[in-house]
Amino acid sequence: SMQIMPYKSHKNDHYDITFKPFHLVPSSEWALTRVVLACDTDKKCRFVYENNFGLEPHDDVRTIDIDELPDFDIICGGFPCQPFSNAGKKKTLQDDRGLLFDEIMKIAAVKRPRFMFLENVKHILKVGGGEVFQYILSKLENTGYRVQLFKMSPHEYGIPQQRERIYFACVRSDIYDDTDINLLRPPGAIIDFESYLDPEDSIEDKFKIDGDILKVLEAWDEIIGEFDTEEKLSPTILVNEFYKTYT
């Protein structure tokens, strides 16, 4: 998904546009930010987005007329992660969705924004023997951007979700001043999981799980109980034999 968002900068008397698949809380000079275009292929996502933000998203980034876009300073884009993830069988650039990265680069090549922030799953660093990652870096550099990488996950900021992602922070080469971005991380963020939960007696039965799903979770609790405190676990367990048929 993608959003286009202009802001009126305190330093510049013009409006800019941002493509972004998620909300960034604006501050300081971004305080006057507002979204002018969003894009998502999923009809239900577009409905929810419009209901929340009062803007109907475009349905396909490939059909956006780049020449009709006004000038803008920032692109924030999350090109589809399925081609690079375990769930998507890591088809990489052989999957049509993997080529949507090139759609972002087409826009960047024409509009020349000052900054880009792109996001994908951490597997993008390794899939295809590293060829996909090198392709992305090469494309960014050849389009005229200096790139810095960050690996981030919500649990590092006190949010009870482990969802590691790679972020490409890109600065247009002609304005890059050889200064790296220093990412601020809260020291030892503590996650109080219970504080996110409603009292059990306040939850209706229709929202409670049972049957096979409950058995799976109970089995997982049993597995967890076999590990020592502080022992590292893989965040992903793959069961490749599900739905297989043998003769």
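These numbers come from a predicted model, not from an experiment. (Residues numbered from 1 in each chain as written. Predicted model: local features only at pLDDT ≥ 70, side-chain atom pairs only at ≥ 80, totals over all residues. Heavy atoms only, no water.)

S.K.: Requested: an account of the overall build of the protein, with residues and values cited.
M.R.: In terms of helices and strands, the protein carries four helices and seven strands. In the protein, the succession of helices and strands from N to C terminus is β-β-β-α-β-α-β-α-β-β-α. For the protein, the proportion of its 247 residues judged to be buried stands at 32%. Sequence separation of 24 or more characterises 63% of the internal contacts of the protein that already satisfy a separation of 6 or more. When the accessible area of the protein is evaluated, it comes to approximately 17,000 Å², of which 52% is carbon and sulfur surface. (Helix = DSSP H or I, 4+ residues; strand = E, 2+ residues; numbered from the N terminus. Buried < 20%, exposed > 50% of the residue type's maximum accessible area, 1.4 Å probe, protein only. Contact = heavy atoms within 4.5 Å. Areas by Shrake-Rupley, 256 points an atom, 1.4 Å probe, with all protein chains shown as cover.)

S.K.: Can you explain the pattern of salt bridges? Please cite residues and give values.
M.R.: Pairing is possible between side chains of opposite charge, provided their charged atoms come close. For the structure shown, the criterion picks out nine salt bridges. Here Arg172 and Asp174 are joined by a salt bridge, their closest N and O atoms 2.6 Å apart. (Salt bridge = Lys/Arg side-chain N within 4 Å of Asp/Glu carboxyl O.)

S.K.: How would you sum up the side chain of Asp102? Please name residues and give values.
M.R.: Tracing the backbone through its elements, the reader meets Asp102 in helix 2 (residues 100–111). Taking relative accessible area as the criterion, Asp102 reaches 14% and is therefore assigned buried. A polar contact of 2.8 Å, which involves the side chain of Asp102, links it to the side chain of Tyr135. Once residues lying within four places of it in the same chain are set aside, the contact partners of Asp102 are Tyr135 and Lys139. (Polar contact = N/O pair within 3.5 Å; in protein donor to acceptor, adjacent residues only side chain to side chain.)

S.K.: How would you summarise the packing of aromatic side chains if you had to cite specific residues and measurements?
M.R.: Aromatic rings considered in pairs are described by the distance between their centres and by the relative angle of their planes. One pass over the full model with this rule turns up three aromatic pairs. Seen from their ring centres, Phe101 and Tyr135 are 6.3 Å apart, and the 65 degrees between their planes marks the pair as edge-to-face. Of the two residues, Phe101 is situated in helix 2 and Tyr135 in helix 3 (residues 131–142); the sequence distance between them amounts to 34 residues. Phe101 sits in the buried class, given a relative accessible area of 1%. (Phe/Tyr/Trp six-rings, centres within 6.5 Å; stacked < 30°, edge-to-face > 60°.)

S.K.: Quick rundown of helix 2? Include the residues and the values.
M.R.: The terminal C-alpha atoms of helix 2, which comprises twelve residues, lie 17 Å apart, in line with the 16 Å expected from a rise of 1.5 Å per residue. Burial within helix 2 is extensive, with nine of its twelve residues counted as buried. Taken residue by residue, helix 2 has Leu100, Phe101, Asp102, Glu103, Ile104, Met105, Ile107, Ala108 and Lys111 as its buried positions. Downstream of helix 2 by one or two residues, Arg112 has phi in the positive range, about 55 degrees. (Expected span 1.5 Å × (residues − 1).)

S.K.: Give a detailed account of the nonpolar core, specifying residues and quantitative values.
M.R.: Counting residues in each nonpolar core, the largest one holds 28 residues, and the members touching the most others are Ile75, Met116, Leu118, Ile136, Leu140 and Phe168. Mapped by element, the contributors of at least two residues to this core are strand 3 (37–39), helix 2, strand 5 (115–121), helix 3 and strand 7 (165–172). The greatest single-element share of this core, amounting to six residues, is contributed by helix 2. In this view, Phe168 contacts Met116, Phe117, Leu118, Ile124, Phe133, Ile136, Leu137, Leu140, Val147, Gln148 and Leu149; residues no more than four positions away in its chain are not counted. (Core = buried A, V, L, I, M, F, W, Y, C linked by side-chain atoms within 4.5 Å.)

S.K.: Break down the confidence of the model for the protein for me, citing the residues and quoting the values.
M.R.: Residues at a pLDDT of 70 or more form 73% of the protein, whose mean pLDDT is 76. The least confident element of the protein, judged by mean pLDDT, is strand 2 (residues 18–19) at 41; the most confident is strand 6 (residues 145–152) at 94. Within the model, pLDDT remains below 50 along residues 4–31, and this stretch shows 94 contacts once partners closer than five positions in the same chain are excluded. Ignoring residues within four places in sequence, the model shows residues 85–90, a span with pLDDT below 50, making twelve contacts including any to other chains. (pLDDT = per-residue confidence, 0-100.)

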